[in-house]
Structures are given as structure tokens and as C-alpha cells.
Amino acid sequence: MSEREFAVIDLETAYQECQQITRREARNFYYAFVLLPPARRRAIYVAYAFCRYCDDAVDSEASTEEKLARLGELRQLLEQCYQGQASGPVFTGLSQVVREYSIPREYFGEVLSGMEADLVKSRYQNFDELRQYCYQVASAVGLICIHIFGFKDARAEAHAIDLGLAMQLTNIARDVKEDLAFGRIYLPQDELARFGCTEEDLLSGEVNDPFRELMRFHTQRAREYFHSGFQLLPYLNPRSRACVGVLGRIYSGLLDRIETANYDVFNRRVSLSTSEKLAVMAQSWIVSMWPRRLPDPR
């Protein structure tokens, strides 16, 4: 971590740097964030920059022990942030945002725990284990976000959790090949066995019938979580609703592409084009005024 990362930074500079990080790295999220009102958009940039900053801190050629030590440092910085002793652009911005939007510290701690899991765990025995991981790396982020978006009904939290689960399960389906390159298999071991799909099959990149059946089961579960997750929308104000609608529809669109490709995620990376994302953004903006009319992603 550089000297600048610990330097005293004024708040406006912190916000600007978090926005630059988001513009550079956010990809799918960028198309959703631009729909937010300025103050909430700025806060979301900070939250995203925190996640990106932490991810970059452990995404290097350093040893696992060194990366775990960095996570320990990040936990200390997070603690200082909540005590009003932040330094550096990301934590300076975060210190203001967590106070302004009353975001519980435990959510950020869960994000760090998910990053730790990726350092020490490469297999998941069952869906309960995988669900816990997905909660840490995605649902906890969703809970952070809805505090920034603003919500008045506690039922929104359960739907935010489920939308995070749906999006992370979509990532897992799309990234089977990439994860294998890092020695990771997120698809639960008991489900691999149930459908007769071996790790050797995955490593060979063979899209055989057992793999298709496994992926069909996995994507259907993701759709069930999307069904619950999209019920978050009526609890949000229209502009925040549009942001969530874009994210949900982009990721459910990726799920559609995976199914259309007959679950072949080995020979090309599934994605939506820029024009398709812009179309999603426009449609979500229009229908955000009438949340019950949003399409059911099942």
C-alpha cells in the first residue's frame, strides 16, 4: 500500500478519485450507477471503490500469507474509518458515506470475509456453503447499496440479499472456465456428483449432458432468486429503482445468454454488448416509474 493511500485527503478529492476508479473498473455497474441522483451516485462510487480497492489489495503475486495480512490491515482501516480516523481517498470517502447513510460496519466486514474465502477455499461441498460465500461477496454489497438508495420497509433487505445471490450465481455460471484457471470450482461438489459431472470433465471443457443438466439446475436456482430479488424494486424511489432494475436485467440477460448457448461457457465468454446495455438502461428508466410493470426475469 502506497504512501498516498495513507495521506490526508480532502473529501471532494476523495469523491473524485472514487468516481474515477468506478468509471475505469465498474463495467456492468457503470450503466446502472449513472441513473442515480448525484448525491447517491457519489456514495455508490465510494462503496464500489472500497470493494475494488480491497480486491486489488489481494489480487497480486504475493503469497497467501501476505494477502491474508493485507486483509487484516484492511479490517483495521475499516475500523478506523468508523471511528472517524480515515486517511487516503477511498477510506476518507467511505468514512463520510457510512455516517451519512448509516451503513452497518458488519456488511463491509462480510465483503472482506468473502475475499478471505477466495484465498483459503477453492471447493464448496454443498449449496449452504456456497450461499454463505455468495452472501459475503454479493448480498452484503446489496445491503450496503440499499442503505444508500434509501428504503423504509425492512422487507427490502431480504429481497436485496436474494438479488445479490442471483447475480453472484450468474457470475459463477458464466465464469466456470476462468475460475478453473485459478484452481477454483464454485459449483457445489455434491451437485457435481448428483449430475455425474466430474472435475476432469470441467477441466477438459467438455459440454456434455451431465454438465448441461448441472448448469440447467444452477441457472434455474438463480432465476428463483431473481424472482425474489426483483421484488425489491417497489421499496425504492424511482431513480434508485431504475439503477437496480438495470443491474438485475443485465445479469438476468447474461443468464438468458448462457441458456441460449446451451450452457457452453467454455468456448466464449458470455456478455451483453454496449448497445444492449444502453437499451436495458433506457427501458429500466422508463418502467421505473411503474415498478409492478417490471418484467419478471423467470
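Scroll up a little and you will see the structure.
Throughout what follows, the structure given in this document is the object of discussion. The structure displayed is predicted, hence computed values, not measured ones.

### Here's the deal with helix α8 (residues 155-174)
Look at α8: 30 Å from first C-alpha to last across 20 residues, which is about the 28 Å you get at 1.5 Å a residue. With 17 of 20 residues buried, α8 is to be regarded as a mostly interior element.

### Here's the deal with the packing of aromatic side chains
Applying the stated criterion to the full structure yields 13 aromatic pairs. Members of the aromatic cluster, connected to one another through ring pairs, are F50, Y53, Y82, F91 and F108. Here the guanidinium or amino end of R105 rests over the ring plane of Y82, the centre of that ring lying 5.6 Å away. Seen from the ring of F217, R194 lies directly overhead, with NZ or CZ sitting 5.0 Å from the centre.

### What to know about the pattern of salt bridges
All told, the structure shown has 16 salt bridges when counted by the stated rule. A salt bridge links R52 to D55, with the shortest nitrogen-to-oxygen separation between them at 2.7 Å. Of the two residues, R52 and D55 both sit in helix α3 (residues 38-57), three residues apart, roughly one turn of that helix. The partner of R75 in a salt bridge is E116, and the shortest N-O contact between them spans 3.6 Å. Of the two residues, R75 is situated in helix α4 (residues 64-82) and E116 in helix α6 (residues 105-120); the sequence distance between them amounts to 41 residues. When salt bridges that share partners are traced, they join R174, D175, E178 and R269 into one network.

### Focus: helix α13 (residues 238-260)
For α13, built from 23 residues, the straight-helix expectation of 33 Å at 1.5 Å per residue is met to within 8% by its first-to-last C-alpha distance of 32 Å. For α13, the buried fraction is high: 17 of the 23 residues fall into the buried class. Two or three places before S240, at the start of α13, stands the capping residue N237, its side-chain oxygen 3.0 Å from that residue's backbone nitrogen. Positioned one or two residues after α13, N262 has a phi angle of 55 degrees, which is positive.

The rules behind these values
Residues numbered from 1 in each chain as written. Predicted model: local features only at pLDDT ≥ 70, side-chain atom pairs only at ≥ 80, totals over all residues. Heavy atoms only, no water. Helix = DSSP H or I, 4+ residues; strand = E, 2+ residues; numbered from the N terminus. Expected span 1.5 Å × (residues − 1). Buried < 20%, exposed > 50% of the residue type's maximum accessible area, 1.4 Å probe, protein only. Phe/Tyr/Trp six-rings, centres within 6.5 Å; stacked < 30°, edge-to-face > 60°. Lys NZ or Arg CZ within 6 Å of the ring centre and 35° of its normal. Salt bridge = Lys/Arg side-chain N within 4 Å of Asp/Glu carboxyl O. Polar contact = N/O pair within 3.5 Å; in protein donor to acceptor, adjacent residues only side chain to side chain.

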